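The primary structure of each chain is shown beneath.
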Amino acid sequence: MTARILVVEDETDIAHIVLDYLRHAGYDAEHVADGQSALARLTGPTPPDLTLLDVMLPGLDGLSVLRQARRHTDKPVIMLTARVEEVDRLIGLELGADDYICKPFSPREVVARVKTVLRRGAAQGPASAGAAPASPPVLALDEVHWQVTLRGAPVALTPREFRLLQALARQSGRIFSRAQLLDLAYGDTLDVNERAIDSHIKNLRKKLKAASGDGVEWIRSVYGVGFAFDEDAGDTGAAGSCSAASP
């Protein structure tokens, strides 16, 4: 079935561009321009499969919509925001936002992130009977032999880099803070601080870019929050971020 995408955006020019790209990608996309209308759709009998939800909306703001909607549906929500304050991101993630996209953004990036979040949700659900075999993964991690391949090319990583990439790749597209990555990747190590994550991320980016050979940034920075691995980064030619500045 075609995934149904709800675009909640009060700037009609932006909304129409996003709708065009989503429909061209094969999605059934619709648009509402205010928080109350969005809440009605999200809490109705047939909520959308994914919602692109602007933070700044007339009347009921996006975070309030998300807070109330989470009592009725667990369908994925990607927040759209032009605000870079860390508290908004942290609140949004705690409420159950699945990802963030910061304005200004590329419509191609939006489509790629929608695809990633929907695929992540499908992978967590039950497998369909008679479904076609899955295509080989973009990134493969051999936890027994500590080996990594990206698009079939080997990537030589240190043990810490391997654990960090493993933590990121297990939930492609999800944003992890430095503190979360420390817990997931180095929970048994006491001499690693949060800023050490930046150094490891820098090394990982170089090695992944060299292995793929196309200049793609597979690990994106989200200003004020942390990092995410984007398995679909190669589809857009560049990974998105919330700011030119790295976190």
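Here the structure is a predicted model, which means the values were calculated and not measured. (Residues numbered from 1 in each chain as written. Predicted model: local features only at pLDDT ≥ 70, side-chain atom pairs only at ≥ 80, totals over all residues. Heavy atoms only, no water.)

Digging into the sheet that holds strand β2 (residues 28-32)
Logical step 1: As summarised here, the arrangement of the five strands in space is β2-β1-β3-β4-β5, forming an open sheet in which the pairing is parallel. A strand with exactly one partner marks an edge of an open sheet, and here the two such strands are β2 and β5 (99-102). Averaged over all adjacent pairs, the angle separating strand axes in this sheet is 20°, with direction ignored.
Logical step 2: Across the sheet, helix α1 (residues 12-24) is in contact with β1 (4-8), β2 and β3 (50-54); its angle to β2 comes to roughly 165°. (Pairing = 2+ DSSP bridges. Helix = DSSP H or I, 4+ residues; strand = E, 2+ residues; numbered from the N terminus. Axes fitted to C-alpha atoms, helices over the stretch in contact; angles between N-to-C directions. Contact = heavy atoms within 4.5 Å.)

What to know about the packing of aromatic side chains
Logical step 1: Throughout the structure, instances matching the rule amount to two aromatic pairs.
Logical step 2: Arranged with centres 5.0 Å apart and planes meeting at 40°, the rings of W146 and F162 form a pair that is tilted. Taken together, the residues span a long stretch of sequence, with W146 in the loop between β6 (139-142) and β7 (147-150) and F162 in helix α6 (residues 159-169) at a distance of 16 residues.
Logical step 3: Overall, the relative accessible area of 41% leaves W146 in the partly exposed class.
Logical step 4: The exposure class of F162 is buried, given its relative accessible area of 3%.
Logical step 5: Considering the side-chain rings of W218 and F229, the 6.3 Å spacing of their centres and the 20° angle between planes classify their relative orientation as stacked. Linking W218 in the loop between α8 (194-212) and β10 (219-222) with F229 in strand β11 (residues 226-229), this pair joins segments that are eleven residues apart in sequence. (Phe/Tyr/Trp six-rings, centres within 6.5 Å; stacked < 30°, edge-to-face > 60°. Buried < 20%, exposed > 50% of the residue type's maximum accessible area, 1.4 Å probe, protein only.)

Focus on the pairing of β11
Logical step 1: With two bridges connecting them, strand β9 (residues 176-177) and β11 associate as antiparallel partners. Within the sheet, the bridge partner assigned to F176 lies in β11 and is F227.
Logical step 2: Counting the residues between successive antiparallel strands, the hairpin from β10 to β11 contains three residues, one of them, G224, with a positive phi of roughly 85°.

Some points on α8
Logical step 1: Its 19 residues give α8 an end-to-end C-alpha distance of 28 Å, which sits within 8% of 27 Å, the value for a rise of 1.5 Å per residue.
Logical step 2: The complete set of buried residues in α8 reads I197, H200, I201, L204, R205, L208, A211 and S212. With its buried residues spanning 150° around the axis, α8 presents them on a single face. Exposed and oriented more than 90 degrees from the buried face of α8 are R195, K202, K206 and A210.
Logical step 3: G213 occupies a position one or two residues after α8 and carries a positive phi of about 70°. (Expected span 1.5 Å × (residues − 1). Arc of directions from axis to C-beta.)

Things to note about the sheet that holds β6
Logical step 1: Strand order in the open sheet made by the three strands is β6-β7-β8, with antiparallel pairing throughout. Strands at the two margins of the open sheet, each flanked by one partner only, are β6 and β8 (153-155). Going from strand to strand, the sheet's axes swing by 25° on average, the running direction of each strand aside.
Logical step 2: Here four bridges tie β6 to β7, and the two strands are oriented antiparallel to one another. Counterpart to L139 in the pairing with β7 is L150.
Logical step 3: This element, α6, spans β6 and β7 of the sheet and lies at about 125° to β6.
Logical step 4: Packed on one face of the sheet, α8 meets β7 and β8 and runs near 165° to β8.

Points about the nonpolar core
Where a protein is soluble and globular, its nonpolar side chains tend to be buried together.
Logical step 1: Of all hydrophobic cores here, the largest spans 24 residues; its most connected members are L164, L165, L168, L181, L208, I219 and F229.
Logical step 2: The next biggest cluster of nonpolar side chains, apart from the first, holds 22 residues, and it includes L6, A69, A97 and Y100. (Core = buried A, V, L, I, M, F, W, Y, C linked by side-chain atoms within 4.5 Å.)

With respect to the side chain of D99
Logical step 1: Within the element layout of this structure, D99 appears in strand β5.
Logical step 2: Within the structure, D99 has its side chain in polar contact with the side chain of R113 (distance 2.9 Å).
Logical step 3: Each residue touching D99, except ones within four places of it in the same chain, is listed here: V77, I78, M79, R113, V117, G173, I175 and R220. (Polar contact = N/O pair within 3.5 Å; in protein donor to acceptor, adjacent residues only side chain to side chain.)

What about the packing of α6 against α8?
Logical step 1: Where α6 contacts α8, the axes come no closer than 10 Å and their chain directions differ by 85°. Classified by the angle between their axes, α6 and α8 sit roughly perpendicular to one another. Taken together, the residues of α8 that come into contact with α6 (itself represented by R160, E161, L164, L165 and L168) are I197, H200, I201, N203, L204, K207 and L208. (Parallel < 35°, antiparallel > 145°, perpendicular 65-115°, else oblique.)

Notes on the pattern of salt bridges
Logical step 1: Inspection of the entire model under this criterion finds 15 salt bridges.
Logical step 2: K103 is the partner of D54 in a salt bridge, and the nearest nitrogen-oxygen pair spans 3.4 Å. Of the two residues, D54 sits in strand β3 while K103 sits in the loop between β5 and α5 (107-124), which places them 49 residues apart along the sequence. As far as burial versus exposure is concerned, D54 and K103 are alike and both buried.
Logical step 3: In this structure, the salt-bridge partner of E161 is K207, at a minimum N-O distance of 2.7 Å. Of this pair, E161 sits in helix α6 while K207 sits in helix α8, and the two are 46 residues apart along the sequence.
Logical step 4: A relative accessible area of 28% means that K207 is categorised as partly exposed.
Logical step 5: A cluster of three or more residues bridged by salt bridges with shared partners is formed by D99, E109, R113, R220 and D230. (Salt bridge = Lys/Arg side-chain N within 4 Å of Asp/Glu carboxyl O.)

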